[in-house]
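Close look at the chain arrangement
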Amino acid sequence: MTSENIFFSKDNLTFEKNKEPEWMKNIRLESFKSFLKLPVREYAESPTQTAYTEIELDKIQELKIVRTEISLDNKDIKAINFIDAVKDKELFNKYFMKIIDRNTKFNSLHASYVNNGMFIIVPDNTKLSEPLKLNVECKEEGHYFNHIVLVVGENCSLEFYENYKSNTKSDHLISDFLEVYVGKNSKVNVCSIQDYGKNVNNYSVKKGKVESNGEIKWIVANLGSKKVMSNVDNLLVGEFAAAYNYGVFLGKEQHLDITTNVQHLYRNTNGDILTKGAVFDKATSVHRGEITVENEARQANSNLTGHTLVFEGGKANAIPSLVIKTNDVKVKHAAWVSQVDDEQLFY
């Protein structure tokens, strides 16, 4: 990818158009410098990131504003659109990409160009009987960079649904990020469905940070797009924090690169990763899962499981990994890639 033949250049950064403050301009410029310098990561069994550099980006000369709708019945919950959030320096710098590493090529690209999204602030002691529902629909031709930040206070309980879809014709990139901050003694369920069109190259990063006695549960479905790189990660930073990653994917012609991680940073934390998928026809997939247990995370309990069904013409791989830096932990992993024969289909 070179700056001569692509849309993404310093001249197309949005800080002047959006009349952004100097500090935001600096974030974009520094991120763009990193994007130009950082290499494309070459992952085993996956052409995804390399393929992203082959998108004919020069044919699309616009960044698009995505239509983002959220249902809010509780007046105490604040929903601030991305452009307005930039005006609040304290809020923005406290949460924007604070748990997501900017020092990768496409994360830096995202930080350079993001101009859609929302900051959702849930105050302490909020108990919701109905889920927060976020609908994101990409209808116009162009690249989309969407960023959602969900900040949940202490002693809360809620469900957050997000639904992503598109109705476009040209080959383009959609980058969608979600950061979830779970306060002490809070429980958050996140359900995310990605059903973009067949011409979309989707780069998705979702990450949670969970405090003491907090819990996050992910249900993530990757159903659409031409090429998908999806990463769901968790930081367990307080005692008895827990994260549960449950994911499904379905491939018919596309390539799916699915990563699910849990990082145990404190003692007595719990994690569970379960990913199931199926690939048909010319589809290919790779599922990477990693459990990391740091030195301070004694008595961590974590499990990693992946199972992919391979039908005629499909190809799949699974790469589980454990990084254990201390003793007195209970961690296990298992992965299966199974072909389905005619007899099984018959019965």
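Computed from a predicted model, the values in this text were never measured in an experiment. (Residues numbered from 1 in each chain as written. Predicted model: local features only at pLDDT ≥ 70, side-chain atom pairs only at ≥ 80, totals over all residues. Heavy atoms only, no water.)

1. So, the side chain of N234
Basically, it comes down to this: Put simply, DSSP marks the helices as runs of H or I at least four residues long and the strands as runs of E at least two long, and each gets a number from the N terminus on. Whether a residue is buried, partly exposed or exposed follows from its accessible area with a 1.4 Å probe, protein chains only, as a fraction of its type maximum: under 20%, in between, or over 50%, in that order. Whether two residues are in contact is decided by their heavy atoms, any of which lying within 4.5 Å being enough.
Within the secondary structure layout, N234 lies in strand β11 (residues 227–236). With relative accessibility at 0%, the residue N234 sits in the buried group. Excluding residues within four positions of it along the chain, N234 makes contact with G208, I216, W218, A243, N245, N261, V262 and Q263.

2. Quick word on the pairing of strand β14 (residues 270–279)
Put simply, the rule is: Whether two strands pair comes down to DSSP finding at least two bridges between them.
Counting buried residues along β14, seven of its 10 residues qualify, which places the element largely inside the surrounding structure. Bridge count for strand β12 (residues 242–251) against β14 is 10 bridges, and the pairing is parallel. Residue Y244 lies in a different strand from β14, and its bridge partner there is D272. Looking at chain direction, β14 and strand β16 (residues 301–310) are connected through 10 bridges and run parallel.

3. Overview of the sheet that holds strand β9 (residues 200–210)
Let me state the cut-off plainly: Axis lines are fitted to C-alpha atoms, over the contacting stretch for helices. Their N-to-C directions set the angle, which ranges from 0 to 180 degrees.
Ordered in space as β2-β3-β5-β7-β9-β11-β13-β15-β17, the nine strands form an open sheet in which the pairing is mixed. The sheet is open, and its two edges are formed by β2 (78–81) and β17 (315–324), each paired on a single side. The sheet shows a mean angle of 10 degrees between the axes of neighbouring strands, direction not considered. In the packing of helix α5 (residues 105–113) onto the sheet, contacts are made with β5 (144–152), β7 (172–182) and β9, and the angle to β5 comes to roughly 90 degrees.

4. Notes on a nonpolar patch on the surface
The criterion, for reference: A patch is a set of surface residues, each over 30% in relative accessible area and not in a salt bridge, joined within 9 Å for like charges and within 5 Å for the nonpolar side chains Val, Leu, Ile, Met, Phe, Trp and Tyr. Each accessible area is a Shrake-Rupley estimate made with a 1.4 Å probe; only the visible protein chains count as cover when residues are assessed. We count a salt bridge whenever a side-chain nitrogen from Lys or Arg sits within 4 Å of a carboxyl oxygen from Asp or Glu.
On the surface, a cluster of nonpolar side chains totalling about 200 Å² of accessible area is made up of I193, L223 and L250. By secondary structure assignment, the location of L223 is in the loop between β10 (215–222) and β11.

5. Describing helix α1 (residues 22–37)
Selection criterion: Between the first and last residue of a helix there are one fewer steps than residues, each counted as 1.5 Å, and that sum is the expected span.
Compared with the 22 Å implied by 1.5 Å per residue over 16 residues, the 23 Å span of α1 between its first and last C-alpha is a close match. Looking at α1, one finds that the buried residues are W23, M24, I27, R28, L29, S31, F32 and F35. Residues of α1 that are buried make contact with α3 (82–85), α4 (89–95) and α5.

6. Thoughts on the packing of aromatic side chains
The geometry of an aromatic ring pair is captured by the separation of the ring centres together with the interplanar angle, meaning the angle of the planes. Heads up, the condition is: Stacked, edge-to-face and tilted labels apply to pairs of Phe, Tyr and Trp rings (six-membered ring for Trp) whose centres lie within 6.5 Å, assigned for plane angles under 30 degrees, over 60, and everything in between, in that order.
Following the criterion strictly, the structure yields 14 aromatic pairs and no others. Look at F82 and F92: their rings are 5.6 Å apart centre to centre, the planes differ by 75 degrees, and that puts the pair in the edge-to-face class. Of this pair, F82 sits in helix α3 while F92 sits in helix α4, and the two are 10 residues apart along the sequence. Note on accessibility: F82 and F92 belong to one class, buried. Ring plane angle 10 degrees and centroid distance 4.4 Å describe the contact between F280 and F311, whose orientation is recorded as stacked.

7. With respect to the confidence of the model for the chain
Heads up, the rule is: A residue's pLDDT is simply how confident the predictor is in it, with values from 0 to 100.
Confidence in the prediction for the chain averages 86 pLDDT; 84% of positions are at 70 or higher. Scored below 50 in pLDDT, residues 1–7 shows 17 contacts in the model against residues more than four places distant or in partner chains. For residues 56–61, every residue scores under 50 in pLDDT, and the model assigns this stretch 17 contacts once sequence neighbours within four places are set aside.

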